[in-house]
Amino acid sequence: MTSGDLTGFVTPGRGRGILDVLGHGYLLRLLIRKGTATRYRNSVLGWTWSYVKPAAQFFIYYFVMGVVLQFHRDVENFAVYLFAGVVAINLFNEAFGNATSSIVDNRALVRKIYLPRELFPIASIIIAFIHFLPQVAILLLACILLGWTPTLLTLGAFLLGLLIVLMMSLGLGLFFGALNVRYRDAQNFVEIIRMLSTWASPVLYTITMVQASLPEWAFRLYMLNPLTTSVELFHFAFWAPTTSAADFADTLAPSIGTDILTSVGIGVVLIIIGQLVFRRFERSFAQDL
């Protein structure tokens, strides 16, 4: 008995990981549409919550840090400084959290049919990005009222900061999303990371305060956090041009070039590790769910 031509066939249930998502654009769009449509289903305010929740968070932080602790005296346009950092961290927290729970939340699809499982965390990150846009719109409006004008440098800083946040979200989301299917304790680690993200980056305080408080080796260790670099890039893109600084490039950390390369490198490594772990655990997703 001769064997048939198996050219073009692949091992069932195995694919090329993230690369397979590129060939399933229609399914990706369906997941994104489903996620955005159901987010505020049966909600009175609907998409208005995308404005209300970050606004409430901002006012709480501003009251504590600006009014009570009087940080606004030392930081020009402190409200813009604060909101630029909050916007960046909110994107990471939502994208990371959504990606972690994406497989469990879509257990019905995972158990019934085969499709690239990476579609779920990637779709959840894109949904988080869509909900990030209204916050950026508010930030832009505030900056424009304060005299902000876009330049190639500031737009480049924004895109770099955005890229680092999304890379971190994807790498960590793949890693913890896979672990969360088998070990639900992973969700607790994710909540701890999300809680620390605001305090481990210069959102509620300035980078100069950290540099003045830590020895050089500890400050360099602090700067290894890619979220620190992304928040600083958001500050450079939105807050710094609204200040009276003659050269607002001076508002960045002296080693920002090295920090950007390091952060992008860490993001790439996290995506590779996350993909490897995801592919290792995805074989038993249907069984574990």
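Residues numbered from 1 in each chain as written. Predicted model: local features only at pLDDT ≥ 70, side-chain atom pairs only at ≥ 80, totals over all residues. Heavy atoms only, no water.

### Considering the overall build of the chain
The number of helices and strands found in the chain is 12 helices and 0 strands. Listing every helix and strand of the chain by position from the N terminus yields α-α-α-α-α-α-α-α-α-α-α-α. A burial count over the chain gives 48% of its 289 residues as buried. Counting only contacts in the chain whose residues sit at least 6 apart along the sequence, the fraction spanning at least 24 positions is 80%. When the accessible area of the chain is evaluated, it comes to approximately 14800 Å², of which 68% is carbon and sulfur surface. (Helix = DSSP H or I, 4+ residues; strand = E, 2+ residues; numbered from the N terminus. Buried < 20%, exposed > 50% of the residue type's maximum accessible area, 1.4 Å probe, protein only. Contact = heavy atoms within 4.5 Å. Areas by Shrake-Rupley, 256 points an atom, 1.4 Å probe, with all protein chains shown as cover.)

### Quick word on the pattern of salt bridges
Between side chains of opposite charge, a pair can form as their charged atoms come close. As enumerated under the stated definition, the model contains 2 salt bridges in all. Measuring nitrogen to oxygen at the nearest pair gives 3.2 Å for the salt bridge that ties Glu191 to Arg194. Separated by 3 residues within a single helix, Glu191 and Arg194 lie in helix H7 (residues 186-199), roughly one turn from each other. We note a salt bridge from Arg220 to Asp259, for which the minimum N-O separation is 2.8 Å. With a gap of 39 residues between them, Arg220 in helix H9 (residues 216-222) and Asp259 in helix H11 (residues 256-281) connect regions that are remote in the sequence. Overall, the relative accessible area of 26% leaves Arg220 in the partly exposed class. (Salt bridge = Lys/Arg side-chain N within 4 Å of Asp/Glu carboxyl O.)

### Structural notes on a positive patch on the surface
A surface patch of positive charge is lined by Arg107, Arg111, Lys112 and Arg184. Residue position: Arg184 is located in the loop between helix H6 (152-182) and H7. (Patch = residues over 30% accessible without salt bridge, like charges linked within 9 Å, V, L, I, M, F, W, Y side chains within 5 Å. Lys, Arg positive; Asp, Glu negative; His and termini not counted. Charge placed at Lys NZ, Arg CZ, Asp CG, Glu CD.)

### Structural notes on unusual backbone geometry
A positive phi is found at Asn77, a non-glycine position, where the angle reads about 50°. Within the secondary structure, Asn77 is located in the loop between helix H2 (49-68) and helix H3 (78-105).

### Notes on the environment of Gly171
Here Gly171 is to be found in helix H6. Taking relative accessible area as the criterion, Gly171 reaches 1% and is therefore assigned buried. C-alpha of Gly171 to C-alpha of Gly267: the two residues are 96 residues apart in sequence and 6.8 Å apart in space. Excluding anything up to four places from it in sequence, Gly171 contacts Leu270, Ile271 and Gly274.

### Points about the UniProt feature "transmembrane region" (unreviewed entry) in the chain
Residues given the UniProt feature "transmembrane region" (unreviewed entry) here are residues 51-72, 78-99, 119-149, 155-181, 193-214 and 260-278. Segment residues 78-99 splits into 100% helix and 0% strand. End C-alpha atoms: 32 Å apart. Annotated as residues 260-278, this span is 100% helix and 0% strand, and its ends, taken at the C-alpha atoms, are 26 Å apart. (UniProt positions renumbered as here; feature names shortened; annotations may be inferred.)

### What about the nonpolar core?
When a protein is soluble and globular, its nonpolar side chains tend to lie buried together. Counting 79 residues, the largest nonpolar core has Leu82, Phe132, Phe238 and Phe285 as its most contacted members. In terms of residue count, the dominant contributor to this core is H3 (17 residues). Dropping the residues within four chain positions of it, Phe285 is found in contact with Ile103, Val110, Arg117, Ala178, Val181 and Phe278. (Core = buried A, V, L, I, M, F, W, Y, C linked by side-chain atoms within 4.5 Å.)

### Looking at the side chain of Ser102
With respect to the helices, strands and loops of the structure, Ser102 is situated in helix H3. Judged by relative accessible area, Ser102 falls into the buried class, the value being 3%. Among all residues touching Ser102, those that are not within four sequence positions of it are Phe120, Pro121 and Ser124.

### Observations regarding H3
Along its 28 residues, H3 runs 39 Å from first to last C-alpha, staying within 8% of the 40 Å computed at 1.5 Å per residue. Maximal helix bending in H3 amounts to about 30°, located at Ala99. The buried count for H3 comes to 25 of 28 residues, which makes it a mostly enclosed element. (Expected span 1.5 Å × (residues − 1). Bend = angle between axes of the 7 residues up to and from the residue.)

### Quick word on the environment of Gln211
Mapped onto the fold, Gln211 is located in helix H8 (residues 207-213). For Gln211, a relative accessible area of 35% corresponds to the partly exposed category. In this structure, the C-alpha to C-alpha distance between Gln211 and Met223, residues 12 residues apart in sequence, is 9.9 Å.

### Overview of the packing of helix H1 (residues 25-38) against helix H5 (residues 119-145)
The interhelical angle for the contact between H1 and H5, taken along N-to-C directions, is 50°, at an axis separation of 9 Å. Considering the angle they form, H1 stands oblique to H5. The hand of the H1/H5 crossing is right-handed. Contacts from Leu27, Leu28, Leu31, Ile32, Gly35 and Thr36 of H1 reach H5 at Leu119, Phe120, Ile122, Ala123, Ile126, Ile127 and Ile130. Taken together, the residues of the contact of H1 with H5 break down into 11 nonpolar, 2 polar and no charged. (Axes fitted to C-alpha atoms, helices over the stretch in contact; angles between N-to-C directions. Parallel < 35°, antiparallel > 145°, perpendicular 65-115°, else oblique. Left-handed = near helix turned anticlockwise from the far one by under 90°. Nonpolar A, V, L, I, M, F, W, Y, C, P; charged D, E, K, R; others polar.)

### A few points about the side chain of Thr154
Along the chain, Thr154 turns up in helix H6. On the basis of relative accessibility, which here comes to 1%, the residue Thr154 falls in the buried class. Of the polar contacts made by the side chain of Thr154, one reaches the backbone nitrogen of Thr151; its length is 2.9 Å. (Polar contact = N/O pair within 3.5 Å; in protein donor to acceptor, adjacent residues only side chain to side chain.)

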